[in-house]
Amino acid sequence: MKPLTATSQTSHTAYTKWAAAAFAGLLALSLSACGTVKQESGQKLPLTASQSPLPTSSTSPYKTLFKSVVFLGDSITEGLSFHDVLDKANVLAGAGKTAEFSLMTEDIDDLTGRNPKQVFLQLGSDDILWPTENPKEYSLKHYKSLITKIKEKLPNAKITILTVTPVTEAAEKKEPRYKHIADYNQGLKELAASEKTGFVDLTSLIQYSADLYDSDGIHFKAGYYTILLDALKNEVK
């Protein structure tokens, strides 16, 4: 989501100097403490990190299944390659990435060069923290432009929007703007409908499983990513 903590994966995407300066203020916000997620009585818990061990690189079925796919997103998405669940060729992501920055950097050219059959987009977790009067409106405007550009460059590629993942109570308490995640995700759902793209709500994957979170309550342990890809298998073109 936000620029990474010491316990989270490191970014592989280089930003311009002025962009790095713009995000300097967000770096401090990423130091969230470990928290817990509410567990409602009667709720069926999804798999936990310990119940879903990562396959080794040589035996991973995900690298084959998602070989024609590219995930474009921020540091949450970057965990797919950081934890070696997918190859770097299938992940175009980095800490602090927003919809606007994907438009301004070389992401579109990079994505076009990889020529995927399907693109999963997972942006917004940094967008909702952007210091503007209406972060949601500002972000979704650029998100729409990003989708339009991808359609122009990759007219045959299927595009699927993934929601912003929830954070723990402790992380939300430390950064109150995370309270707007659900509202932002509703905006993504409406955007997907208007742009005729796919849409997958990831909230239920980790809503009641605190042990999937890294210590900052924002990023995730390795086991989360196998759960994610299992949930997306039927979405693959």
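It is worth spelling out the overall build of the protein at this point. For the protein, the helix and strand inventory stands at eleven helices and five strands. Burial analysis of the protein (237 residues in total) assigns 52% to the buried set. A fraction of 77% describes how many contacts in the protein between residues 6 or more apart in sequence connect residues 24 or more apart. Surface summary for the protein: the accessible area is close to 11000 Å², and the carbon and sulfur share equals 53%.

Turning to the pairing of strand S1 (residues 69–73), a few remarks are in order. With five of five residues buried, S1 lies mostly within the body of the structure. Going residue by residue along S1, you find Val69, Phe71 and Gly73 tucked away on one face and Val70 and Leu72 tucked away on the opposite face as well. Where S1 lies against strand S3 (residues 118–122), five bridges are found, and the strand directions are parallel. Its bridge partner lying in S3, Val70 is registered against Val119. Between S1 and its parallel partner strand S2 (residues 91–93), the chain crosses via helix H4 (residues 75–82), and the hand of that crossover is right-handed.

Counting 30 residues, the largest nonpolar core has Leu111, Leu121, Tyr143 and Ile150 as the members making the most contacts within it. Looking at this core, the elements with two or more residues in it are S1, helix H6 (107–114), S3, helix H7 (135–153), strand S4 (158–162) and helix H9 (181–195). Residues contacting Tyr143, with those up to four places away along its chain left out, are Ala99, Leu121, Gln122, Leu123, Ile161, Leu162, Tyr184, Leu188 and Leu191. Tyr62, Leu86, Ala93 and Tyr213 belong to the second largest nonpolar core, which has 25 residues in total.

Before going further, it helps to examine the pattern of salt bridges. A full pass over the atoms with the stated rule returns nine salt bridges. The closest approach of N and O atoms between Asp110 and Arg114, which form a salt bridge, is 2.9 Å. On the criterion of helical spacing, the pair formed by Asp110 and Arg114 is a turn pair, its members being four residues apart in helix H6. A salt bridge links Lys136 to Asp183, with the nearest nitrogen and oxygen atoms 3.3 Å apart. In this pair, Lys136 sits in helix H7 while Asp183 sits in helix H9, placing the two residues 47 residues apart along the sequence. Assessed through its relative accessible area of 25%, Lys136 is described here as partly exposed.

About the thresholds
Residues numbered from 1 in each chain as written. Predicted model: local features only at pLDDT ≥ 70, side-chain atom pairs only at ≥ 80, totals over all residues. Heavy atoms only, no water. Helix = DSSP H or I, 4+ residues; strand = E, 2+ residues; numbered from the N terminus. Buried < 20%, exposed > 50% of the residue type's maximum accessible area, 1.4 Å probe, protein only. Contact = heavy atoms within 4.5 Å. Areas by Shrake-Rupley, 256 points an atom, 1.4 Å probe, with all protein chains shown as cover. Pairing = 2+ DSSP bridges. Right-handed = clockwise from strand over helix to strand, strands pointing away. Core = buried A, V, L, I, M, F, W, Y, C linked by side-chain atoms within 4.5 Å. Salt bridge = Lys/Arg side-chain N within 4 Å of Asp/Glu carboxyl O.

Distances and angles like these do not, on their own, reveal function.
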